[in-house]
Amino acid sequence: MKALKAALRETIALEGPISVEHYMSLCLRHYYATRDPLGAAGDFTTAPEISQMFGELIGLWMLEVWNGMGRPTCRLVELGPGRGTLMVDLLRAARLLPDFKEAATVHLVETSPSLRQRQQAALAPSGFEVEWHDRIEDVPAGPMLLVANEFFDALPVRQFLATERGWCERLVGIDSERLIFGLRPEPEPALGKPLRLHDVLEWPATSVDIMGTLAGRLAQDGGAALILDYGYWGPAFGDTLQALKNHHPVDPLEEPGEADLTAHVDFHRLAQAAAAQGTRAHGIVTQGDFLQALGIEARAKALKTRATVAQAADIDGALARLTERGPTGMGELFKVLAVTHKAIQAVPGLPALPSSS
Ligand code: SAH
């Protein structure tokens, strides 16, 4: 832990300030490699950790899409599976169509060795064949059904600030031992002239690359990807870099590699990167609308028929939390986008997006 802070200081002292993107990528690699960040004892809680209903409904979504594709042999892929909870719940729901088990192999794209171990323990009882990969490129060819929940928000972004000189990249430097934000003096010519001083522009280069690769695979081999994340439909300006520790916001420079770092996902950019590969986009809708369209209320009711009074209260609490509207509600802050092969005209819970957008 101290090692990363010291290494950052040394790198910056020797080579000068580094970009926010480089800073994020060093912190995030260290962060995810050295802990289980999820749950009450960790730094943040995700939808699959709130309730089994989340993964189960996504499982039913996958089954319906797979059925519509004519039930091919396929790769069931998850990007950044955390504790493996979503995949476990998804596979339980997928047992409704026994043929699916014969047709699907599970592929988890995960860089953290410690989280891979958690995922392995969680998935061993499922009986599905599971393989791990460092990158989406390493998943073998073939039709794909993919899910990514809170994955894209954990990828580094470049940030640019509107100055009188133009868009200048935000950097991380040091000032008497402390990490501080700064700016590259020369503006980025490719970005042109900003319209308003002090605007912040975020460029999610890694997300755009991964989405491009993923969409290229879908266009070539068929299939669908479902992306759920904290985000918005751009273009928009603003500094969305956030650090969370023990469920509370902290200064992103305070404890490098010890707090979760995220940036909000610009779904418009992801959809554009996908469209450039010749895929179809569906959505976006809020997580609340999506889960309701998939029948989360009926699922909660069914679970409650077999529940104790305390369990029934938990189910109601989880339902409210996953679908909650308003400016701080997960049901509204989280958005859902699907990207599919052109042959797939419609997917459950999401309207097809006009190809011009
Ligand atoms: N999807 C899970 C966990 C979200 S946390 C859930 O909803 O609970 C982000 C996950 O992405 C972690 O598993 C983390 O180790 C993984 N991750 C982060 N950056 C990654 C990268 N570049 N490649 C693959 N996995 C990554």
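Structure first, text after, so check above.
Conventions adopted
Each chain has its residues counted from 1, following the order in which its sequence is written. Predicted model: local features are reported for residues with pLDDT of at least 70 only, side-chain atom pairs are reported and counted for 80 or more only, and whole-chain, interface and lining totals are derived from all residues. Working from all heavy atoms in the structure, the side-chain values ignore hydrogens and water. Residues are counted as near a molecule or strand when any one of their heavy atoms sits within 4 Å of it. For the purposes of these results, a polar contact is taken to be a pair of N or O atoms within 3.5 Å, where, inside protein, one atom must be able to donate a hydrogen and its partner to accept one; residues adjacent in sequence count only when each atom of the pair is a side-chain atom. Both cavities and pockets are sets of points on a 1 Å grid over the protein atoms alone; in a cavity a 1.4 Å probe fits but cannot get out, in a pocket the set is open with protein on both sides within 12 Å along at least five of seven lines, and lining residues sit with an atom within 4 Å of a point. Cavities and pockets are treated as containing a molecule whenever more than half of the molecule's atoms lie within 2 Å of their grid points. Amino acid classes used here: Ala, Val, Leu, Ile, Met, Phe, Trp, Tyr, Cys and Pro are nonpolar; Asp, Glu, Lys and Arg are charged; the rest, including Gly, are polar. Aromatic pairs are defined between Phe, Tyr and Trp rings, using the six-membered ring for Trp, whenever the two ring centres lie within 6.5 Å; interplanar angles under 30 degrees are classed as stacked, those over 60 as edge-to-face, and all others as tilted. Here a helix means four or more residues in a row that DSSP labels H or I, a strand means two or more in a row labelled E, and each is numbered from the N terminus. Categorising residues by exposure relies on relative accessible area from a 1.4 Å probe, with only protein chains included: less than 20% of the type maximum marks a residue as buried, more than 50% marks it as exposed, and the intermediate range marks it as partly exposed. Grid points are joined across faces, edges and corners, and a volume is the space filled by probe spheres set on the points.

Draft legend 1. Just the site of the ligand, in detail. Inspection of the region around the ligand gives 18 residues, with T46, G80, G82, E110 and N149 positioned closest. In this structure, G80 approaches the ligand through a main-chain N or O atom, which is 2.7 Å from a nitrogen atom. For the ligand, an oxygen atom lies 3.0 Å from a polar atom in the backbone of G82. Comparing atom positions with the cavity grids shows the ligand to sit within the largest pocket. Taken together, the residues that form the shell around the ligand break down as 9 nonpolar, 6 polar and 3 charged.

Draft legend 2. The packing of aromatic side chains, seen in detail. Overall, the coordinates contain 5 aromatic pairs when judged by the stated rule. Where W66 meets F100, the ring centres are 5.0 Å apart and the plane angle is 80 degrees; that geometry is what we call edge-to-face. Taken together, the positions of W66 in helix α4 (residues 52-68) and F100 in helix α6 (residues 98-103) put the pair 34 residues apart, joining distant regions of the chain. Ring plane angle 70 degrees and centroid distance 5.4 Å describe the contact between Y230 and F334, whose orientation is recorded as edge-to-face. With Y230 in strand β10 (residues 223-232) and F334 in strand β16 (residues 334-340), this pair connects stretches of sequence that are 104 residues apart. The partly exposed category is assigned to Y230, whose relative accessible area is 24%.

Draft legend 3. Inspection of empty space enclosed by the protein at higher detail. Enumeration according to the criterion identifies 1 cavity of 30 Å³ or more in this entry. Considering only enclosed or pocket space, the largest cavity measures out at about 110 Å³ in volume. Along the wall of the largest cavity there are 14 residues; nearest its centre are V157, P204, H264, V265 and D266. Mapped by element, the contributors of at least two residues to the lining of the largest cavity are β14 (265-266) and α9 (267-275). Looking at the lining of the largest cavity residue by residue, the classes come out as 8 nonpolar, 2 polar and 4 charged.

Draft legend 4. The layout of surface pockets, seen in detail. Reported here for the largest pocket is a volume of approximately 880 Å³. Contributing to the lining of the largest pocket are 39 residues, with E110, T111, F151, A154 and L155 lying nearest its centre. With 5 residues, the single largest contributor to the lining of the largest pocket is helix α2 (residues 20-33). For the lining of the largest pocket, the class distribution of residues is 18 nonpolar, 11 polar and 10 charged. Approximately 580 Å³ is the volume attributed to the second largest pocket. Considering the residues around the second largest pocket, the lining is formed by 23 residues, among which F44, T45, Y230, L244 and F334 are closest to the centre.

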